[in-house]
Amino acid sequence: MAAYIGTPTSRIDGHAKVTGAAKYAAEFNAPGLAHASLVTSTITKGRIAKIDASEAMRVAGVIDVITHKNRPTMASRDKAYKDDVAAEGSPYRPLYDDEIKFNGQPVAVVVAADADIARFAASLVRVEYIEDPFVTDLLEQRDTAHEVERPSRPRGDAEAAFAAAEVRHEADYFIPTEYHNPMELFATTVTWEGDGKLTVYDKTQGVQNVQRYLVSVFGMKPDDLKVVSPYVGGAFGSGLRPQFQVALAVIAARALERSVRLVLTRPQMYGLSYRPATIEHLALGAKALGPLEAVMHEAIAQTSEYEDFNRNDVAWADQLYKCGNTRYSHKLAKLDVSTPSDMRAPGAASGVYALECAMDELAVALKMDPLQLRFVTYSDREQNADRPYSSKKLRECYRQGAAAFGWEKRNPEPRSMRDGSELVGWGMATGVWEALQMPLTVRIVMTANGHAEVSSATSDIGTGTYTIMAQVAADMLGLPIDNVSIKLGDSTLSESPVEGGSWLAASVANSIATTAEAIRKTLLGVTKTMPDSPLADAKPKDVMLADGKIVSKKDASRAIPIADVMRAGKLDRIDQKAAAPVKDDGKYARNTHSAVFVEVRVDEQIGVIRVTRVVSAAAAGRILNTKTAHSQLLGGVVWGIGMALHEETLTDHRFGRIMNANLGEYHMPVNADIYDINCFFVDEPDATINPMGIKGVGEIGIVGVAAAIANAVYHATGKRVRDLPITIDKLRRD
Ligand code: MOS
């Protein structure tokens, strides 16, 4: 039955990707394709007084310069700009009017016969502005932050319990603005199909979301515009909402009635969305060897002036630790910046960093091993709604992770472990994320020659969706994986949400199973009409599809080749569409968990930090593909190293301008920063969460990693740095 599910199947799209056959948004061509380049705002807030495009227009090869003055008609109401996953508020409208809301905002689109000419001509567009005062510094606005509603209600009396606790820890932690920086630049190729019909090749995590957005912004008929995105070179949340390049490319195509491509530059991608800078205030109260007495967590995150983007930073302690007195609050500070967005494990990556550093500091105050503190405060029930988990093998993560790491050899004393000129530190932290499932429809067309085409309008953002879809379909239909072809990333395919939140694997796999079941029933129905059928009295639940046959589960000799069944039913194909029911009655908490153990080595003289060993043990339900899922954890750990030690967006707040909007100066880990990483999954059967027991693995890998590193740095050096990234200057300052 499970020939492919649970195996390390290599990516079925791997060959296409390494040979260059896989086409990305900027690689589609069309006759007469024109190329667009952006002019972006050099001020942070105000109005455009004048745009002089005359010099740009004189460049040979320039076709047009489009601004808010000469753009085609666009919707005038906010509602039209609200995509499926829009934040609360009034969405930014690309090239709509003369108002500047953030630095790097597009103000003109130059279209030319080739990309270099467009880019050169864009540098010749002169823009005059009327500037308004602005604020881009979260620290300056923290007192103006407003509270947002979160579902976690307060429990007990956290203030009083904290005041009365034997041991207390209270501190502020800081996470700077971070960017997704996917390898693939945001890009759109719009092909003009005549009569105003458009095919939009876009880099996105949700083709149908982009399709609906464009149709409503430009007042088009749904059938006149389709969005296609077969491959995505990384997105991590940056492609959940339609980004401005797609609207601008369509503006240019409609203005000129021709095909247009727009590829953003790396610096222009810093005008898009990002993980918001956040101040996390933690207060933990405890007594020795008991549950926590009090947890208070307040986050202040930045958002834009025009939208309130917020995620759950603060209530994660409810998923992890026993505590009767809790209070959570999430606040937003409005700045003159573009709206933040989801970025891998949004909320948790930031909030759990702070929580898990605070737990480590509490362990120090309690003179307790930090792993032991996790065991004595362990909760088998989700605390806020007081309900059980569908499954929670976090204890196993702690145990197996600690064993693989050799945690029991740790000397608890900071600065006690050395190797030559380096201080050695060992730290650990917990990770937690949600396990969600969304409604999603799958279509399967099975042909009499034993081939199946499986399709849905979902995305593969590099996570391996093509491959897990093929694995599940092959097993459910009893076909060799090479006989299964996958179609996704096309808005005309059956209904799918955006790929995000780690929900896609559970959503698509269960829907493939449901659709395959419909095919099985159809085939079984036909067998009843066949003379002398060995399955004459079989019920749908008694048969399965295996090795190209419909076969009795009880007696493998009672089988009929699918080809024979289809011939008997005069069917050359069976075409079924179905969606797995999504049931969540709220009875169970649904989460993935992990335990992360880290070794750092810190050069005592210079302060250089190396993360020399990481063990990450995760519990994430049933693992569909042990190879690609492992890669998801590995990528999460690498990113956690970046978050802890490298990543930071630096804004010159006098100008509201990002100073390191490029891959040279926005630091992230490179090969030389990465040593030994051991990621694995602990076994976590889950018969409750969904029929296939799938939880999703895209985000859990990053959560907790930065905290484990920060805790290891403290253990190595005795120095606690709470504001990320932990750089040499912070480590050395008094
Ligand atoms: Mo993910 S941050 O939901 O793409």
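Reading guide: rules and limits
Residues numbered from 1 in each chain as written. Predicted model: local features only at pLDDT ≥ 70, side-chain atom pairs only at ≥ 80, totals over all residues. Heavy atoms only, no water. Helix = DSSP H or I, 4+ residues; strand = E, 2+ residues; numbered from the N terminus. Rg over C-alpha atoms; globule rule 2.2 N^0.38 Å. Buried < 20%, exposed > 50% of the residue type's maximum accessible area, 1.4 Å probe, protein only. Contact = heavy atoms within 4.5 Å. Areas by Shrake-Rupley, 256 points an atom, 1.4 Å probe, with all protein chains shown as cover. Lys, Arg positive; Asp, Glu negative; His and termini not counted. Charge placed at Lys NZ, Arg CZ, Asp CG, Glu CD. Polar contact = N/O pair within 3.5 Å; in protein donor to acceptor, adjacent residues only side chain to side chain. Expected span 1.5 Å × (residues − 1). 1 Å grid on protein atoms, 1.4 Å probe; cavity = no way out; pocket = protein on both sides within 12 Å on 5 of 7 lines; lining within 4 Å. Points joined across faces, edges and corners; volume = space filled by probe spheres on them. Nonpolar A, V, L, I, M, F, W, Y, C, P; charged D, E, K, R; others polar. Domains from an automatic or database assignment. Pairing = 2+ DSSP bridges. Axes fitted to C-alpha atoms, helices over the stretch in contact; angles between N-to-C directions. Phe/Tyr/Trp six-rings, centres within 6.5 Å; stacked < 30°, edge-to-face > 60°. Parallel < 35°, antiparallel > 145°, perpendicular 65-115°, else oblique. Left-handed = near helix turned anticlockwise from the far one by under 90°. Salt bridge = Lys/Arg side-chain N within 4 Å of Asp/Glu carboxyl O. Buried area = accessible area lost by both parts, 1.4 Å probe.

1. With respect to the overall build of the chain
Scanning the chain for helices and strands turns up 18 helices and 33 strands. Taking 2.2 N^0.38 as the reference for a compact globule, 734 residues should give roughly 27 Å; the C-alpha atoms of the chain span a radius of gyration of 27 Å, in line with that estimate. Taken over the C-alpha atoms alone, the chain extends approximately 85 × 75 × 50 Å along its principal axes. Sorting the 734 residues of the chain into buried and exposed places 62% on the buried side. Contacts spanning at least 24 positions in sequence make up 80% of the contacts within the chain whose residues lie at least 6 apart. Looking at the chain as shown, the accessible area adds up to about 28,000 Å², and 50% of this sits on carbon and sulfur atoms. For the chain, the distance from the average position of its 83 positive side-chain charges to the average position of its 92 negative side-chain charges is 4 Å.

2. Quick notes on the side chain of Asp224
By secondary structure assignment, the location of Asp224 is in the loop between α6 (207-217) and β12 (225-228). A polar contact of 3.1 Å, which involves the side chain of Asp224, links it to the side chain of Lys197. When sequence neighbours within four positions are dropped, the list of residues in contact with Asp224 reads Gly196, Lys197 and Leu198.

3. Describing helix α16 (residues 626-645)
The terminal C-alpha atoms of α16, which comprises 20 residues, lie 29 Å apart, in line with the 28 Å expected from a rise of 1.5 Å per residue. The residue sitting at the N-terminus of α16 and contributing the capping side-chain oxygen is Asn625; that oxygen lies 2.9 Å from the backbone nitrogen of Lys627.

4. Some thoughts on empty space enclosed by the protein
Inspection of every chain in the model, using the stated rule, returns four cavities of 30 Å³ or more. Approximately 280 Å³ is the volume attributed to the largest cavity. Forming the walls of the largest cavity are 22 residues, and the residues nearest its centre are Tyr92, Arg241, Pro242, Gln243 and Glu307. Residues that form the lining of the largest cavity fall into these classes: 11 nonpolar, eight polar and three charged. Both of domain 1 (18-133 + 183-235 + 239-269) and domain 2 (275-436 + 586-732) provide at least three residues apiece to the lining of the largest cavity. By volume, the second largest cavity amounts to about 100 Å³. Taken together, 16 residues line the second largest cavity, and the ones lying closest to its centre are Pro276, Phe309, Arg311, Asp313 and Gly347. Residues that form the lining of the second largest cavity fall into these classes: six nonpolar, six polar and four charged.

5. Concerning the sheet that holds strand β11 (residues 198-202)
Across the sheet, which stays open at both edges, the seven strands sit in the order β3-β6-β1-β13-β10-β11-β12 with mixed pairing between neighbours. Taken across any chain shown, the strands that pair with only one partner, and hence form the sheet edges, are β3 (62-66) and β12. Pairwise comparison of adjacent strand axes, ignoring direction, gives a mean angle of 20 degrees for this sheet. Bridging between strand β1 (residues 34-40) and strand β6 (residues 106-112) involves six bridges; their strand directions are antiparallel. From the neighbouring strand, His35 faces β6, where its bridge partner is Ala112. Helix α3 (residues 115-122) rests against β1, β3 and β6 of the sheet, and its axis sits at about 25 degrees to β1. Running at roughly 150 degrees to β12, α6 makes contact with β11 and β12 of the sheet.

6. Focus on the sheet that holds strand β25 (residues 543-546)
The sheet built from three strands is open, its strands ordered β25-β26-β27 with antiparallel pairing. At either margin of the open sheet sits one strand with a lone partner, and together these are β25 and β27 (559-561). Looking at each pair of strands side by side, their axes are set apart by 20 degrees on average, direction ignored. Pairing of strand β26 (residues 549-552) with β27 involves three bridges; the strand directions are antiparallel. Bridge pairing links Val551 to Ala559 in β27. The sheet strands contacting helix α14 (residues 504-527) are β25, β26 and β27, and the helix crosses β25 at an angle near 105 degrees.

7. Some thoughts on the packing of aromatic side chains
One pass over the full model with this rule turns up 20 aromatic pairs. Ring plane angle 70 degrees and centroid distance 5.4 Å describe the contact between Phe375 and Tyr398, whose orientation is recorded as edge-to-face. Of this pair, Phe375 sits in helix α11 (residues 370-376) while Tyr398 sits in helix α12 (residues 394-405); the two residues are 23 residues apart in sequence, bridging distant segments of the chain. When its relative accessible area of 29% is taken as the criterion, Phe375 is described as partly exposed. You can call Tyr398 buried: its relative accessible area is 0%. By way of ring pairs, the aromatic residues Tyr92, Phe102, Phe244 and Tyr306 are connected into one cluster.

8. A look at the layout of surface pockets
In this approach the atoms are scanned with a rolling probe the size of a water molecule, which exposes any empty space left behind. Empty space within the second largest pocket amounts to approximately 850 Å³. Leu650, Thr651, Gly656, Arg657 and Ile658 are, among the 44 residues lining the second largest pocket, the residues nearest its centre. Taken together, the elements giving at least two residues each to the lining of the second largest pocket come down to β1, β7 (126-131), α4 (138-141), α8 (266-269) and β32 (657-658). Broken down by element, the lining of the second largest pocket gets its largest block of residues, three residues, from β7. Partitioned by chemical class, the residues of the lining of the second largest pocket number 21 nonpolar, 16 polar and seven charged. For the lining of the second largest pocket, the domains that each give at least three residues are domain 1 (18-133 + 183-235 + 239-269) and domain 2 (275-436 + 586-732).

9. Some remarks on the packing of helix α10 (residues 348-366) against helix α17 (residues 705-717)
Close contact between α10 and α17 brings their axes to 8 Å; oriented N to C, the two are set at 30 degrees. As the angle between them shows, α10 and α17 are arranged roughly parallel. Helix-helix and strand crossings are classified by hand; for α10 and α17 the assignment is right-handed. Here α10 contributes Val352, Tyr353, Glu356, Cys357, Asp360 and Val364 to the contact with α17, which in turn contributes Ala706, Ala707, Ala710, Asn711 and Tyr714. Per-class residue counts for the contact of α10 with α17 are eight nonpolar, one polar and two charged.

10. Structural notes on the pattern of salt bridges
One pass over the structure, following the stated rule, counts 51 salt bridges. Residue Glu293 is joined to Lys287 by a salt bridge in which the shortest nitrogen-to-oxygen separation is 2.9 Å. The exposure class assigned to Glu293 is partly exposed, which follows from its relative accessible area of 21%. We classify Lys287 as partly exposed; its relative accessible area is 35%.

11. A word on the environment of Asp78
Along the chain, Asp78 falls in the loop between β3 and β4 (88-89). Setting aside residues up to four positions removed in sequence, Asp78 forms contacts with Ser90, Pro91 and Arg93.

12. Focus on the side chain of Asn510
Assignment of secondary structure puts Asn510 in helix α14. Taking the relative accessible area as the measure of exposure, Asn510 reaches 2% and is therefore buried. In terms of polar contacts, Asn510 uses its side chain to reach the backbone amide nitrogen of Met692, at 3.1 Å. Among all residues touching Asn510, those that are not within four sequence positions of it are Gln437, Ala505, Ala580, Asn690, Pro691, Met692 and Ile694.

13. Things to note about the domain arrangement of the chain
Taken as a whole, the chain is organised into domain 1 (18-133 + 183-235 + 239-269), domain 2 (275-436 + 586-732) and domain 3 (438-579). Each partner contributes residues to the interface: domain 1 has 19 residues there, and domain 3 has 18 residues. Both sides of the domain 1 and domain 3 interface together cover about 1,300 Å² of buried area, and 49% of this is carbon and sulfur. Counting across the domain 1 and domain 3 interface gives two salt bridges.

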